[in-house]
Protein chains: 2
Amino acid sequence: MPKKVVTLKNIAEELGLSITAVSKALRGEGGIGKDTVLRVQETAKRMNYLPNSVAKSLRTNTTKTLGLIVSDSSFSFFTPVIEGVEKSAAEYGYNIILCNAYSNVDKEREAVRILANKRVDGLIFAASMLNGEEHRGFLDSFGIPYVFVIRKSETDESDYVINDNTNGSFQMVDYLIKTGSKKIYFINIYEKITSYSDRMVGYRKALEENGIPLDEHLLYGAKPTVEDGYAAMNRILASSQQIDAVFCGCDVIAIGAMEAIIEAGLRIPEDIRVAGYDDIEYAAYLRVPLTTVRQPKYKIGKMGTEILLDRIQGKFEGRQNIILRPDLVLRHST
Amino acid sequence: MPKKVVTLKNIAEELGLSITAVSKALRGEGGIGKDTVLRVQETAKRMNYLPNSVAKSLRTNTTKTLGLIVSDSSFSFFTPVIEGVEKSAAEYGYNIILCNAYSNVDKEREAVRILANKRVDGLIFAASMLNGEEHRGFLDSFGIPYVFVIRKSETDESDYVINDNTNGSFQMVDYLIKTGSKKIYFINIYEKITSYSDRMVGYRKALEENGIPLDEHLLYGAKPTVEDGYAAMNRILASSQQIDAVFCGCDVIAIGAMEAIIEAGLRIPEDIRVAGYDDIEYAAYLRVPLTTVRQPKYKIGKMGTEILLDRIQGKFEGRQNIILRPDLVLRHST
DNA sequence: GTGAAAGCGCTAACAG
DNA sequence: CTGTTAGCGCTTTCAC
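Cut-offs used in this document
Residues numbered from 1 in each chain as written. Chains lettered and ligands numbered in written order. Predicted model: local features only at pLDDT ≥ 70, side-chain atom pairs only at ≥ 80, totals over all residues. Heavy atoms only, no water. Pairing = 2+ DSSP bridges. Helix = DSSP H or I, 4+ residues; strand = E, 2+ residues; numbered from the N terminus. Axes fitted to C-alpha atoms, helices over the stretch in contact; angles between N-to-C directions. Contact = heavy atoms within 4.5 Å. Core = buried A, V, L, I, M, F, W, Y, C linked by side-chain atoms within 4.5 Å. Buried < 20%, exposed > 50% of the residue type's maximum accessible area, 1.4 Å probe, protein only. Expected span 1.5 Å × (residues − 1). Polar contact = N/O pair within 3.5 Å; in protein donor to acceptor, adjacent residues only side chain to side chain. Phe/Tyr/Trp six-rings, centres within 6.5 Å; stacked < 30°, edge-to-face > 60°. Lys NZ or Arg CZ within 6 Å of the ring centre and 35° of its normal. Least-squares fit on C-alpha atoms with pLDDT ≥ 70 in both. Near = heavy atom within 4 Å. Buried area = accessible area lost by both parts, 1.4 Å probe. Salt bridge = Lys/Arg side-chain N within 4 Å of Asp/Glu carboxyl O.

Chemist: Could you clarify how one ought to interpret the sheet that holds strand β6 (residues 184-189) of chain A in this entry?
Modeler: Strand pairing in a sheet is mediated by backbone hydrogen bonds. Such pairs are either parallel or antiparallel. All names here are of chain A. Pairing in this open sheet of four strands is parallel, and the strands run β7-β6-β8-β9 from one edge to the other. Of all the strands in the sheet, just β7 (219-222) and β9 (273-275) have a single pairing partner and so form its edges. Each strand of the sheet is rotated relative to its neighbour by a mean of 20°, with strand direction disregarded. Pairing between β6 and strand β8 (residues 245-248): four bridges, direction parallel. Looking across to β8, one finds that Tyr 185 is bridged to Val 246. Across the sheet, helix α8 (residues 165-178) lies against β6, β8 and β9, angled at about 175° from β8, the strand it touches most. In the packing of helix α10 (residues 226-239) onto the sheet, contacts are made with β6, β7 and β8, and the angle to β7 comes to roughly 155°.

Right under this line is the structure:
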C-alpha cells in the first residue's frame, strides 16, 4: 500500500528540467513556455504527483489551516457554528483543525499551544473561556490572529462576532409581557459570562420599560443541561402556585423545564408559558414547539471566519466587534 | 503582534551549543548531560520556544493529524461521532482536520485530495459515499490508511466500524409485533446504501419469524429530513384507516411522521405507534418521547479512530470489520 | 556527551 | 524562458 511518493524532483528528472521550472509550471507562475507547462502538467498527472503542502508550509510560513476551538463540542448547539466556519474556510481554501476545550480553561490553553505549534494561520474560539483580560497576553504571545465567536472577549480589544444577548432577551420578555404575562420567572444560565448577564440585563430592561417591578424571587439559575433545567423548574413549582411564564436562559434548560411542568400535570402554554434562547435544532418538534430567540449560529461562524481571514491578510486595522440582532421565533409554548 | 519566532538555532546560539544537542535535549532523547538538558529546557522556556511541527512533519514524514470527512456535518447526528473521533485522537496526540462532503461524491473526493496533500496520517470517513468498490483504487492510491465509520465499505476489504443495522431493525420490529402491532408501516431512508437496505432486511426477518406476511403496500421511502418524513406519513394517512405502527428509518423521519399524525388529530401511541432509528440527541423530549434504536455513535467514532491509529502503527494485518449491536430504547411513542 | 553535515520537498531570489 | 543557489526548522546518521 505505501506508494512511492513522487516529488517535483522526480518530475524534473523525468523531463530533464530543473525543479524550479517544474514548480513554476505547476503553479502557473508564468515565465515558462506554454509547451513546457503542458508537458509538465501532463507528466505530473501521469506520475500521480501530489503536492506536499507540508514542505510548502515550511517554506512559505503559512499552512492554509485554521484552528477552531469549541468550548464543548458535545453540545449540538455548535453544529451550525462549526458548519459555518468549515464552509467559509473551505471557500477560501482553508481547512480547519477542530479541538474540544471540554469547558476547561487549562485544556483550552493546551489546545491553543498545540494549534500554535501546528502553525495554524488563525484561531477561532467558539464560546471560549479564554475571553478574559487575563488571557490576552497568553493569546497574543503566539502572534497568531484570532477571533471570538458566540461569546465575546470581555474587552473590545479582540475581534468577535456574537448575537445581541441583551436585545434578544429584551425582545422575548417584552413579548411575554405584552401578551399578558406579568409574573415571569427567569431560569438563567448560572455562569459568570457576559452572554448570560446580558440576558439578565435584557430581562430587567423589559420589565422596567413595561413598568413591572423586578422581583428577585423569580430569578433562578441552572447549568445548561436538561437535568438542571428540570430541577430548577421543580423548585419553582414547589415555591409558587401562580406562574405566568418561565423564560429559560437556553433551550436546553427549557427542555428540562417543560418536562417538569408536564410531569406536574400542568399544560403548556395554558397553565405556564415557556420560552427559551438559542433555537437549537428540532426546537420546533419538542414536547411543545418552543418559542425562543434565534441566534444566527451559522452566520456567526461564517462571519467570524471571514473576519479572521481578512485579518490574516492584513485587510483592516481597527477591531471588528460585530453584534448581530437575534430574532424572536414564536411557536406554541407561549 | 507578529512576534519574532524562536527556533532551535536561537537557543543553540544563546547557549553556545549545537542545534543537534538542543534538539536532543528538548526531546529527552538521551546522550546529553543532565545539566545541559536542564539549561536547555530552562532557556527554551525563557525564550518562549515553540516547536515548529511543520518542520518536524517534513522531516519525519508524519503530521500527527487525521482527516475526518463527514458526509454532511449539518446533521447533528454526527456530533457524537465527531466527538468520539476528536477525543480519542487527542488522547493519542493527534489532531483532526474536519471536512464536510456535503453528501456529494465529487466534493468528498476533493476533500480526500486536499487532506492527502496536507499529508494527514490517516483518514476517517463518516457515512462516506466513497464506500463502493469503484472508489477503492482512488482511495488506495494515496497510500494513506483509512477507516469507514457509521457506513461500511461495500466489500469487507477496508476497515470499518458500524452498528448492526439488520439486528437493530429486527429488534424494533420484533418488539412492535410482540407488543401487539400487526400492520407495521416502514418509512425507510430512500437511498441505495447498505445501511438502509440492511434495515429493510431486519424488518422482513422480524415479520417472517413472527409469521406475518410481507405487505409491499406498507413500504414507503423518504429522505432523512423532517419534511420528507412528514410528507411520507401524510401519504400513509391518506391511504389507509388502519395503521398499527410506523417504523421510521431514522429519527428525523420519525419527527416528521409524528408531526403529520398529530396534525391529523390522531394520538401517539394510542392511535398509531411510532418508532425511529438512531436515538439522536433530545429524542426523549420530542412531541412524544421517541422509541428508537440507539446507535452507539460516540463509541463508533472512538473505535474507528483507535483502529485507524493501530493500523497507522502497523499493528495488525487482517481487516478490522466491527459491527456493534445497537440497543432498543423504549419510550412513550410506542 | 556533543557536533557537523545532510536532507525532508518546496519556493524565492537572482543569474543567465 | 530556464536554471542555480539558498534556505524554511527540524531530525538523523555518523564522527569526534
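Let us keep going from here.
Chemist: Got a minute to help me understand the nonpolar core in this structure?
Modeler: If you look at soluble globular proteins, the nonpolar side chains tend to sit buried side by side. The biggest cluster of nonpolar side chains holds 157 residues, and the ones touching the most others in it are Ile187(A), Met233(A), Phe247(A), Ile187(B), Met233(B) and Phe247(B). Membership of the second largest hydrophobic core comes to 42 residues, among which are Leu123(A), Phe125(A), Leu50(B) and Ile97(B).

Chemist: Would you mind going over α8(A) with me for this structure?
Modeler: Given 3.6 residues per turn, any residue in an α-helix points the same way as the ones three and four places further on. All names here are of chain A. An ideal rise of 1.5 Å per residue puts 20 Å on 14 residues; α8 measures up with 20 Å between its terminal C-alpha atoms. In terms of burial, α8 is largely enclosed, as 12 of its 14 residues are buried. Every buried residue of α8 is accounted for by Asn 165, Thr 166, Gly 168, Ser 169, Phe 170, Gln 171, Met 172, Val 173, Asp 174, Tyr 175, Leu 176 and Ile 177. Of the residues flanking the start of α8, the one acting as N-cap is Asp 164, its side-chain oxygen 3.2 Å from the backbone nitrogen of Thr 166. Just downstream of α8, Gly 180 is the residue with a positive phi angle, here 110°.

Chemist: Looking at this structure, how should I read the packing of aromatic side chains?
Modeler: Two numbers describe a pair of aromatic rings. These are the distance of the centres and the angle of the planes. What the rule picks out here adds up to 16 aromatic pairs over all chains. On the numbers, 5.0 Å between centres and 10° between planes, the contact of Phe186(A) with Phe247(A) is stacked. Of this pair, Phe186(A) sits in strand β6 while Phe247(A) sits in strand β8, placing them 61 residues apart in sequence. Take Phe247(A): its relative accessible area is 0%, and that puts it in the buried class. Centroid distance Tyr146(B) to Phe148(B): 5.8 Å. Interplanar angle 80°. Geometry classified as edge-to-face. In this structure, Tyr146(B) and Phe148(B) share a single accessibility class: buried. The ring of Tyr277(A) carries the charged tip of Arg199(A) above its face, separated from the ring centre by 3.8 Å.

Chemist: I tried to follow the relation of the copies chain B and chain A on my own but got confused; where do I start?
Modeler: Relating the two copies of this chain is a rotation about some axis coupled with a shift parallel to it. At an RMSD of 0.0 Å, chain B and chain A line up after a rotation of 180° and a shift of 0.0 Å along the axis. Here the symmetry operator amounts to a two-fold rotation axis. A shared interface surface links the copies, since 100% of the contact residues of chain B are contact residues in chain A too.

Chemist: Would you explain the protein's contact with DNA strand C in this entry?
Modeler: Around DNA strand C sit 25 residues in total, of which Ser23(A), Tyr49(A), Arg59(A), Gly31(B) and Gly33(B) are the nearest. Each atom of DNA strand C within 4 Å of the protein belongs either to a base or to sugar and phosphate, the latter forming 62%. Contact distances for DNA strand C include 3.4 Å between a base nitrogen and a backbone N or O atom of Ala55(A). Take Ser18(B): an N or O atom from its main chain is 3.0 Å from a phosphate oxygen of DNA strand C.

Chemist: Looking at this model, I keep getting lost on the interface of chain B and chain A. Mind explaining?
Modeler: A common way to express how large an interface is: the accessible area buried when the components associate. Each partner contributes residues to the interface: chain B has 51 residues there, and chain A has 51 residues. Carbon and sulfur atoms make up 59% of the surface buried where chain B meets chain A, a total of about 5,000 Å² over both sides. At the boundary of chain B with chain A, the tally comes to zero salt bridges. For the pair chain B and chain A, the interface holds 27 residue pairs in polar contact (both at pLDDT 80 or more). Elements with a minimum of two residues in the side of chain B that touches chain A: α4 (53-60), α5 (79-91), β2 (95-100), α6 (105-117) and α11 (251-263) of chain B. With six residues, β2(B) is the single largest residue contributor to the side of chain B that touches chain A. Sheet topology places strand β2 (residues 95-100) of chain A next to β2(B); three bridges connect them, and they run antiparallel. Across the sheet, residue Ile96(A) finds its bridge partner in β2(B), namely Leu98(B).

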